[in-house]
Amino acid sequence: MSEKPVRIGIIGAGGIASAHLAAYRQVPGVQIRAVCDVVAGKAEEFIRRHAVEEAEAFTDHRRLLAEDSIEAVSVCTPHQFHHRPTVDALLAGKHVMCEKPMAASLAQAMEMVEAAERAGRILTIGFQSRYDANVDLARRVVVSGQLGAIYYVETGGGRRRGIPGGSFVKRDTAGGGALLDIGCYSLDTVLHMLGHPRALRVAGMTAAPFAGRPPYRERGIEVEDFAAAWVRLETGATLLFKIAWAMHADSLGTSLLLGDEGGLRIEAPGGLGDAGVRRLELFHDMGGMPVHTELPLARSDEPRPFLRKIGHFIAAVRSHGQAPIPGHQVLRSMAIIDAIYRSAQSGREEVVATV
Ligand SMILES: NC(=O)c1ccc[n+]([C@@H]2O[C@H](COP(=O)([O-])OP(=O)(O)OC[C@H]3O[C@@H](n4cnc5c(N)ncnc54)[C@H](O)[C@@H]3O)[C@@H](O)[C@H]2O)c1
C-alpha cells in the first residue's frame, strides 16, 4: 500500500532551495506544494525553472503557512530570516527543516526551540555534515571510548580564498560571517562527537582582514572572515576552534581529539562538514608501544549526506518521531558562537549562556 503523500513548502527560493527540492524529489511520496520568496516573481521563477507544476507561489510565508494541506516546510532563507518563518511555521502546526546556521543569534535559536516544544512539532537543523560517513566513523571512534578521557579538542578549518557574497556578508541578512556560516559545522560536529557537553567559558576573537581589499572591497563586506576561540567545556576538556573564509595559509591544521588512552586526528581542511574528510588517524598504545592506524575511509558516500538529511526529516514527519537533529541540541553550539562574538567585543573571557 502506498504511503500518504507528505506535502512540503519551501521558504526562500535561492541557492540552497534547489538542493532541497532535488533531494525531496528523490524521496518517494513527497510533493512540493508551495514555494515562497519575499522577492516578487522569484518563487514563480523557481517553480518554472524546476518544473514544479503542482506548487503555488507566495511572497509572504504566513500565507503559505495558512495552507492546511502543507505538513512541513524547509526554511532556506538567509541566516537572519531563519527565525521568523521557523517560529511561525511551528506555531502553525508545521514541521520544520531549518537550514544551518540554526539562527543568527542565540536568542532567536532559543525562541525557535520554545516554539517547537510548545507546538509539539519537529524542528530539525540542516547539518548534512552529521550524515557524512567519515565524520560518523570518527564519531563512532570517540563514542566507543577508545580515546579514554578526552582532555583536548581542536577543530575548525578554512579556505585560502572563499568569501561568499550577497546575503552572506551583510549584517542585516547574515548577522555574522565565517563563524556563523561555516564555523557552525565544525562546532556542531565536534559537540555531537562528544555527546553535546555544555561550554562554560569562551575567550574568542574575530577579524576581517580581507573585507577591505580587492577583490572583496566591492562586495561591501560587513562581517568577519576569521574567528578563533578557546572554549572550556563542562567535561573539563578544552576546545581550540578556528575558522577562516580566507587566509594567507593553505590550512589551519587538522581536527584533533586527545584522550588519556588515544588520539584521533581528522584531516578535513575545510572544517568538519564543509568539504569532507581526507584522512582519519588513530593513535594509541599497544603493549606499551605507540601505534598509529589509518582508518579506511568510506569510498563512496551514497546516498549523499544531503539526501540523507532530507530523507531522515521526512521519515520523522511520517512517523511523528523525534527530530533527527533537534534544535535543542544545536543550542549548545549556538551558545558557543554567541560567547565568541561577545568575547571578541569585550576583549575578555565570557561566560557561556546555560542552554
Ligand atoms: N546546508 C548547506 O549545504 C547550505 C549551503 C548553502 C546555504 N545554506 C544555508 O541556506 C540559507 C540560504 O542560503 P542561500 O545560499 O540559498 O541564500 P540565497 O541568498 O541564495 O537565498 C535566500 C533566499 O531567501 C529569500 N528570502 C529572504 N527573506 C525571506 C523571507 N522572509 N521569506 C521568504 N524568502 C525570503 C531571498 O530573497 C533569497 O531568494 C543560508 O542560511 C545558508 O547558510 C546551507
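Predicted model only: the values in this text are computed from it and were never measured. (Residues numbered from 1 in each chain as written. Predicted model: local features only at pLDDT ≥ 70, side-chain atom pairs only at ≥ 80, totals over all residues. Heavy atoms only, no water.)

Relative to the elements of secondary structure, Ala22 occurs in helix α1 (residues 15-25). On the basis of relative accessibility, which here comes to 39%, the residue Ala22 falls in the partly exposed class. (Helix = DSSP H or I, 4+ residues; strand = E, 2+ residues; numbered from the N terminus. Buried < 20%, exposed > 50% of the residue type's maximum accessible area, 1.4 Å probe, protein only.)

Further remarks concern the pattern of salt bridges. Summed over all chains, the structure comprises 17 salt bridges. A salt bridge links Glu71 to Lys4, with the shortest nitrogen-to-oxygen separation between them at 3.8 Å. Linking Glu71 in the loop between α3 (61-65) and β4 (72-75) with Lys4 in the segment before β1 (6-11), this pair joins segments that are 67 residues apart in sequence. Asp188 is the salt-bridge partner of Arg130, the closest N and O atoms lying 2.9 Å from each other. You can see Arg130 sitting in the loop between β6 (123-125) and α6 (133-143) and its partner Asp188 sitting in helix α8 (residues 178-193), a full 58 residues away along the chain. The exposure class assigned to Arg130 is buried, which follows from its relative accessible area of 10%. (Salt bridge = Lys/Arg side-chain N within 4 Å of Asp/Glu carboxyl O.)

Let's shift gears to the packing of α6 against α8. For the pair α6 and α8, the least separation of the axes is 9 Å and the interaxial angle reads 35 degrees. Along its contact with α6, which presents Val135, Ala138, Arg139, Val142 and Val143, the element α8 presents Thr189, His192 and Met193. In terms of residue class, the contact of α6 with α8 is built from 5 nonpolar, 2 polar and 1 charged. (Axes fitted to C-alpha atoms, helices over the stretch in contact; angles between N-to-C directions. Contact = heavy atoms within 4.5 Å. Nonpolar A, V, L, I, M, F, W, Y, C, P; charged D, E, K, R; others polar.)

Another aspect to go through is the nonpolar core. Counting 83 residues, the largest nonpolar core has Leu64, Val73, Met102, Leu123, Leu257, Leu264 and Ile266 as the members making the most contacts within it. Examining the composition of this core, we find that 10 residues originate from one element, α8, more than from any other. Of the residues that make up this core, three or more belong to each of domain 1 (6-128 + 304-325) and domain 2 (130-299 + 335-351). Setting aside chain neighbours within four positions, we find Leu123 in contact with Thr86, Leu90, Val96, Cys98, Met102, Met112, Val113, Ala116, Ala323, Ile325, Pro326 and Gly327. Grouped together as the second largest cluster of nonpolar side chains are 29 residues, Ile10, Ala17, Ala23 and Cys76 included. (Core = buried A, V, L, I, M, F, W, Y, C linked by side-chain atoms within 4.5 Å. Domains from an automatic or database assignment.)

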